[in-house]
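Observations on the model geometry
What follows is the residue order along each chain.
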Amino acid sequence: MRIDLHTHSSVSDGTDPPGDVMQQAQAAGVDVVALTDHDTTGGYAAALSQLPEGLTFVPGMELSCRLDGHSVHLLAYLFDSGDAVLAGECERIRTDRVHRAEAMVARLAELGTGVTWAQVTAIAGDSVVGRPHIARALASDGVVDEPASAFTKEWIGMGGRAYVGRYALDPARAIALVAAAGGVSVLAHPRSGRDSWMVPDDVLAQWAGCGLTGVEVSHPEQESAERLRLQAVAGELGLVASGGSDDHGTLTGHRIGCETASPQAYEQLVERATGAAPVRG
Ligand SMILES: [Zn+2]
Ligand SMILES: [Zn+2]
């Protein structure tokens, strides 16, 4: 059984509509797929309406959190999507994301790039405008070679010249909100390196104490040595060792199904959740 618990659609910053993501999951030989768009459950209806026969859909999302200036992503699964507190926080994050994107485009204009807000919103289409859309605008204008090159100190990487911070949740609070909505939480790519924060073991232990359910061990940007370390820490702390592709469509080269969670890990997550159930097509 192939289980991919981390994918994005165009409802957040992926390139393909939720229904297409479901089709691609099946074509890639995936049996269970979680849709984990950033701070939104807006893709569920479209994904479910086009769910291929035999594919199991796991409702999820990836919550934007921050601790001491470090960006932290928390995957949430099988929570009650009607929970007013959690939905309210997501809306606040999404609204602020647009203001922040506008501020970044303004700074890029001051820096002499030709990127405009109209251009960025056209790239985003119906999605929540985010840094990937700005990165694509910078690449299409030839400011950077490829979108990934925009995520540096020179441009829109954290702390970069045109970077603007935004509203995000304290991770411990996010874990509690997800649990209160009957869901389970998995810390996304805690050791993916590059520009992102390598979450130390003692912080993982602290969050495990707050009710964190699991950690993402298998992720394309996590090296094997880090995976082994994470696996060991997860064992010590009683955390579920999860995994997923973090596919964003063409943005990440359609890698859906390239990383997976074990059937045991998936089972443990489903068992501990009370807010919603997976849906089989
Ligand atoms: Zn992430
Ligand atoms: Zn992600």
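Look up a bit, the structure's there.
This report concerns the structure included in the present document. (Residues numbered from 1 in each chain as written. Chains lettered and ligands numbered in written order. Predicted model: local features only at pLDDT ≥ 70, side-chain atom pairs only at ≥ 80, totals over all residues. Heavy atoms only, no water.)

1. Remarks on the overall build of the protein
Within the protein, the regular secondary structure consists of nine helices and eight strands. A compact globule built from 281 residues should have a C-alpha radius of gyration of about 19 Å, and the protein, at 18 Å, falls within 12% of that. In terms of its C-alpha atoms, the protein occupies a principal-axis envelope of roughly 55 × 45 × 40 Å. Burial statistics for the protein: of 281 residues in total, 53% are counted as buried. Pairs at least 24 residues apart make up 71% of the contacts formed inside the protein by residues separated by at least 6 positions. Separation between the mean location of the 20 positive side-chain charges and that of the 36 negative ones in the protein comes to 4 Å. (Helix = DSSP H or I, 4+ residues; strand = E, 2+ residues; numbered from the N terminus. Rg over C-alpha atoms; globule rule 2.2 N^0.38 Å. Buried < 20%, exposed > 50% of the residue type's maximum accessible area, 1.4 Å probe, protein only. Contact = heavy atoms within 4.5 Å. Lys, Arg positive; Asp, Glu negative; His and termini not counted. Charge placed at Lys NZ, Arg CZ, Asp CG, Glu CD.)

2. Things to note about the coordination of the zinc ion (ligand 2)
Here the zinc ion (ligand 2) is held by the protein donor atoms His6 (NE2), His8 (NE2), Glu62 (OE) and Asp246 (OD), which lie 2.0 to 2.2 Å from it. In this structure, the zinc ion (ligand 2) is coordinated by four donor atoms arranged in irregular fashion, with angles at the metal of 81 to 174°. In primary-sequence terms, the residues that donate to the zinc ion (ligand 2) follow H-x1-H-x53-E-x183-D. Between the zinc ion (ligand 2) and the zinc ion (ligand 1), a spacing of 3.5 Å is present, and a bridge between the two is formed by glutamate 62. Taken together, the positions of glutamate 62 in strand β3 (residues 56-67) and aspartate 246 in the loop between β7 (240-243) and α9 (263-272) put the pair 184 residues apart, joining distant regions of the chain. (Donors = N, O, S within 2.8 Å, 3.2 Å for Na, K, Ca; no water. Tetrahedral: all angles 85-135°; square planar, octahedral: opposite > 155°, others 65-115°.)

3. Thoughts on the packing of aromatic side chains
Under the counting rule described, the total for this entry stands at one aromatic pair. Ring geometry for tyrosine 44 against phenylalanine 57: centres 5.6 Å apart, planes inclined by 80°, an arrangement best described as edge-to-face. Of the two residues, tyrosine 44 is situated in helix α2 (residues 44-49) and phenylalanine 57 in strand β3; the sequence distance between them amounts to 13 residues. Here phenylalanine 57 falls in the buried class, since its relative accessible area comes to 1%. (Phe/Tyr/Trp six-rings, centres within 6.5 Å; stacked < 30°, edge-to-face > 60°.)

4. Quick word on the nonpolar core
Membership of the largest hydrophobic core comes to 43 residues, with the highest contact counts inside it found for Met22, Leu63 and Trp207. By residue number, the principal contributor to this core is β3, which donates five residues. Beyond its immediate sequence surroundings of up to four residues, leucine 63 is in contact with Asp39, Val72, His73, Leu74, Ala76, Leu86, Cys90, Leu169, Ala174 and Val178. Counting 19 residues, the second largest nonpolar core, distinct from the first, contains Val120, Val144, Ile156 and Val164. (Core = buried A, V, L, I, M, F, W, Y, C linked by side-chain atoms within 4.5 Å.)

5. With respect to the side chain of histidine 8
The topology assignment puts histidine 8 in the loop between β1 (3-4) and α1 (18-27). By relative accessible area, which is 1% here, histidine 8 ends up buried. A distance of 3.3 Å separates a polar atom in the side chain of histidine 8 from a polar atom in the side chain of histidine 6. Within polar-contact distance, the side chain of histidine 8 engages the side chain of glutamate 62 at 2.9 Å. In this view, histidine 8 contacts Asp13, Gly14, Val21, Leu35, Thr36, Asp37, His38, Glu62, Asp246, Asp247 and His248; residues no more than four positions away in its chain are not counted. (Polar contact = N/O pair within 3.5 Å; in protein donor to acceptor, adjacent residues only side chain to side chain.)

6. Observations concerning the coordination of the zinc ion (ligand 1)
Only Glu62 (OE), His73 (ND1) and His189 (NE2) from the protein coordinate the zinc ion (ligand 1), and they sit 2.1 Å from it. Sequence positions of the donors to the zinc ion (ligand 1) reduce to the motif E-x10-H-x115-H.

7. Some words on unusual backbone geometry
Look at aspartate 39: it is not a glycine, yet its phi comes out positive at around 55°. Secondary-structure assignment places aspartate 39 in the loop between β2 (32-35) and α2. The phi angle at leucine 78 is positive, at roughly 55°, despite the residue not being glycine. Mapped onto the elements of the fold, leucine 78 is located in the loop between β4 (70-77) and α3 (84-110).

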